Amino acid sequence: MSEELHAADRAAHTGNDEFLLTPGPLTTSLTVKQAMLRDWGSRDRQFIALNARIRERLVAIVGGERSFVCVPVQGSGTFAVEATLGTLLPRDGRLLVLVNGAYGERMMKIAKYLGRPAMALSCAEDRTPDLDSLAALLAEDRAITHVAAVHCETTSGILNPIEKIADIVVDHGRSLIIDAMSSFGAIPLHVQRVPCDAIVASSNKCLEGVPGMAYAILRQSVLEACEGNAHSLSLDLYDQWRAMEGNGQWRFTPPTHVLAAFDQALHEFEEEGDVEARHARYSANCRVLVDGMRAMGFETLLPDELQAPIIVTFRMPADPNFDFGAFYNRLAARGYVIYPGKLTVAPTFRIGCIGQLVKEDLEAALAVVRKVLDEMGVTQCAPAADAAE
Ligand SMILES: *Cc1c(COP(=O)(O)O)cnc(C)c1O
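Residues numbered from 1 in each chain as written. Predicted model: local features only at pLDDT ≥ 70, side-chain atom pairs only at ≥ 80, totals over all residues. Heavy atoms only, no water.

K.L.:
I tried to follow the overall build of the chain on my own but got confused; where do I start?
P.N.:
When you go through the chain residue by residue, the secondary structure sums to 13 helices and 14 strands. For the chain, the C-alpha radius of gyration of 21 Å lies close to 21 Å, the compact-globule estimate for 389 residues. Considered along the principal axes of its C-alpha atoms, the chain spans approximately 60 × 55 × 30 Å. The burial tally for the chain puts 56% of its 389 residues in the buried class. Across the chain, every contact between residues at least 6 apart in sequence was considered, and the portion connecting residues at least 24 apart equals 72%. When the accessible area of the chain is evaluated, it comes to approximately 15900 Å², of which 51% is carbon and sulfur surface. (Helix = DSSP H or I, 4+ residues; strand = E, 2+ residues; numbered from the N terminus. Rg over C-alpha atoms; globule rule 2.2 N^0.38 Å. Buried < 20%, exposed > 50% of the residue type's maximum accessible area, 1.4 Å probe, protein only. Contact = heavy atoms within 4.5 Å. Areas by Shrake-Rupley, 256 points an atom, 1.4 Å probe, with all protein chains shown as cover.)

This is the structure:
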């Protein structure tokens, strides 16, 4: 297929003339968007059935059918992280957060707002947490009740060793809360292999829905004991769960259109072949992106073995003709929206591989990157030597 035909075909598939190469909101299919062309009453029987179906499917994705429940909440992913920490941590609880990026830091900040004592086990953004230190900390500090970890830390795109983390936390008899926001549905995470009490994610990342709703998959026996923990009525997942179990409804106005789109997105996820197929598609996207950028001289922040196929961090080229603002604007004008860096270790930018993207879209994006670099007169894409430190 010619470049133009491919572009037209993709535009018809997504209903967009641009691609979001970002970690969410991301490019969704036209059919997901079309699912929003109906108004639903929140007490409508069909809507209640749709909501129940979504909750069941989400639990099944992590294999939690018998012992876990899905509790949704209005808002972005952070709302569900805050709701989960606030609901699961008792007032006298103590949290340990594994931090190697902005989302770990954010959980520390949430704990502070909640008034729950919290400590961080931190490491550099391009490293995974030190597991011996985690075990030692849990052995020493008996007051720690919960550990929070990020599966894919979207700040860098690093894949944290969540199975090993879970084994250590379980061995020490503590409760594990996983922020799986940017990996849920695309990187296998199964509660039988990764024992935990909570997995938090949202509608608008790898499940390719639209933004506006997030959720926690919670171990029911743990949630049952959480009455009265929450600091906030609207973020009380215990209360939300009890009410929803009672009459099938959300306590407060549900994001009906978002849920209708999410139902369609989950249907498309199943048709594609579940986690395995999505992982394969994103991995192919990531491979094309990394190989293509390296061929132009760019360097990735992470070695391949730490890279999750979600979003890739590239070091800023040292070439004086390279200006990120201009690069970004020129790519966006041609229909490719990339993402600035969020790192403290080095100047970087990011390009996402998730959403309704296939490897041909990444190939087309790379061709545009090449054109833009030529226009800008950038010949050297390698970072400054000292940026690698
Ligand atoms: C996207 C994301 C969140 C939530 O961010 P929102 O902007 O609130 O949706 C949390 N953790 C991780 C790892 C994420 O990628």
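K.L.:
Explain the site of the ligand here, please?
P.N.:
If you check the shell around the ligand, you find Ser76, Gly77, Thr78, Tyr103, Arg106, Val150, Cys152, Thr154, Asp179, Met181, Ser182 and Lys205 and nothing else. In this structure, Ser76 approaches the ligand through a side-chain N or O atom, which is 2.5 Å from an oxygen atom. Interatomic distance of 3.0 Å between a backbone N/O atom of Gly77 and an oxygen atom of the ligand. The fraction of the free accessible surface of the ligand (380 Å²) that becomes covered by protein chains is 86%. Looking at the shell around the ligand, the elements that each hand over two or more residues are α4 (77-88) and α5 (102-114). Counted by class, the shell around the ligand contains four nonpolar, five polar and three charged residues. (Near = heavy atom within 4 Å. Polar contact = N/O pair within 3.5 Å; in protein donor to acceptor, adjacent residues only side chain to side chain. Nonpolar A, V, L, I, M, F, W, Y, C, P; charged D, E, K, R; others polar.)

K.L.:
Explain the pattern of salt bridges to me, please; I cannot follow it from the model alone.
P.N.:
Pairs can form between side chains of opposite charge once their charged atoms are near each other. In total, this model carries 20 salt bridges according to the counting rule given. In this structure, Glu208 engages Arg278 in a salt bridge whose closest nitrogen and oxygen atoms are separated by 3.7 Å. In this pair, Glu208 sits in the loop between β9 (198-202) and β10 (213-219) while Arg278 sits in helix α11 (residues 274-295), placing the two residues 70 residues apart along the sequence. Relative accessible area serves as the criterion here: at 3%, Glu208 is assigned to the buried category. Among the salt bridges present, the one from Arg281 reaches Glu272, with a minimum N-O distance of 2.6 Å. For Arg281, a relative accessible area of 13% corresponds to the buried category. (Salt bridge = Lys/Arg side-chain N within 4 Å of Asp/Glu carboxyl O.)

K.L.:
Where do I start with the sheet that holds strand β13 (residues 339-340) in this structure?
P.N.:
Consider a sheet: its strands pair through backbone hydrogen bonds, and that pairing is either parallel or antiparallel. Strand order in the open sheet made by the three strands is β11-β14-β13, with antiparallel pairing throughout. Looking at which strands have only one partner, the edges of the open sheet turn out to be β11 (311-315) and β13. With five bridges joining them, β11 and strand β14 (residues 348-352) adopt antiparallel strand pairing. Among the inter-strand pairings, Thr313 is bridged to a residue of β14, identified as Arg350. (Pairing = 2+ DSSP bridges.)

K.L.:
Explain the packing of helix α6 (residues 131-140) against helix α7 (residues 162-171) here, please?
P.N.:
Axis angle and axis distance: for two packed helices, these are the angle between their axes and the distance between the axes, and together they describe the pair. Closest axis-to-axis distance for the α6/α7 pair is 10 Å, and the angle between their directions is 20°. By the angle between their axes, α6 is roughly parallel relative to α7. The crossing of α6 and α7 is right-handed. Seen from α6, the contacting residues are Leu131, Leu134, Ala135 and Leu138; seen from α7, they are Lys164, Ile165, Ile168 and Val169. Looking at the contact of α6 with α7 residue by residue, the class counts come to seven nonpolar, no polar and one charged. (Axes fitted to C-alpha atoms, helices over the stretch in contact; angles between N-to-C directions. Parallel < 35°, antiparallel > 145°, perpendicular 65-115°, else oblique. Left-handed = near helix turned anticlockwise from the far one by under 90°.)

K.L.:
How should I be thinking about unusual backbone geometry in this particular structure?
P.N.:
The phi torsion of most residues other than glycine is negative, and most of the peptide bonds are trans. In the segment running from Gly24 into Pro25, the intervening peptide bond is cis, with an omega of 0°. Of note, the phi angle at Glu208 is positive, near 65°, even though the residue is not glycine. Non-glycine residue Asp274 carries a positive phi angle of around 65°. The class of Asp274 is partly exposed, set by a relative accessible area of 35%.

K.L.:
Please clarify how helix α1 (residues 3-14) should be interpreted in this entry.
P.N.:
In an α-helix there are 3.6 residues to a turn, and that puts residues three or four apart on one side. With twelve residues, α1 should cover 16 Å at 1.5 Å per step; its first-to-last C-alpha distance of 17 Å lies within 8% of that length. Listed in full, the buried residues belonging to α1 are His6, Arg10 and Thr14. In a view along the axis of α1, the buried residues occupy a sector of 55°, so they form one face of it. Exposed residues pointing more than 90 degrees away from the buried face of α1 are listed as Glu4, Leu5 and Ala12. Packed against the buried residues of α1 are β1 (19-20), α2 (30-34) and α13 (359-376). (Expected span 1.5 Å × (residues − 1). Arc of directions from axis to C-beta.)

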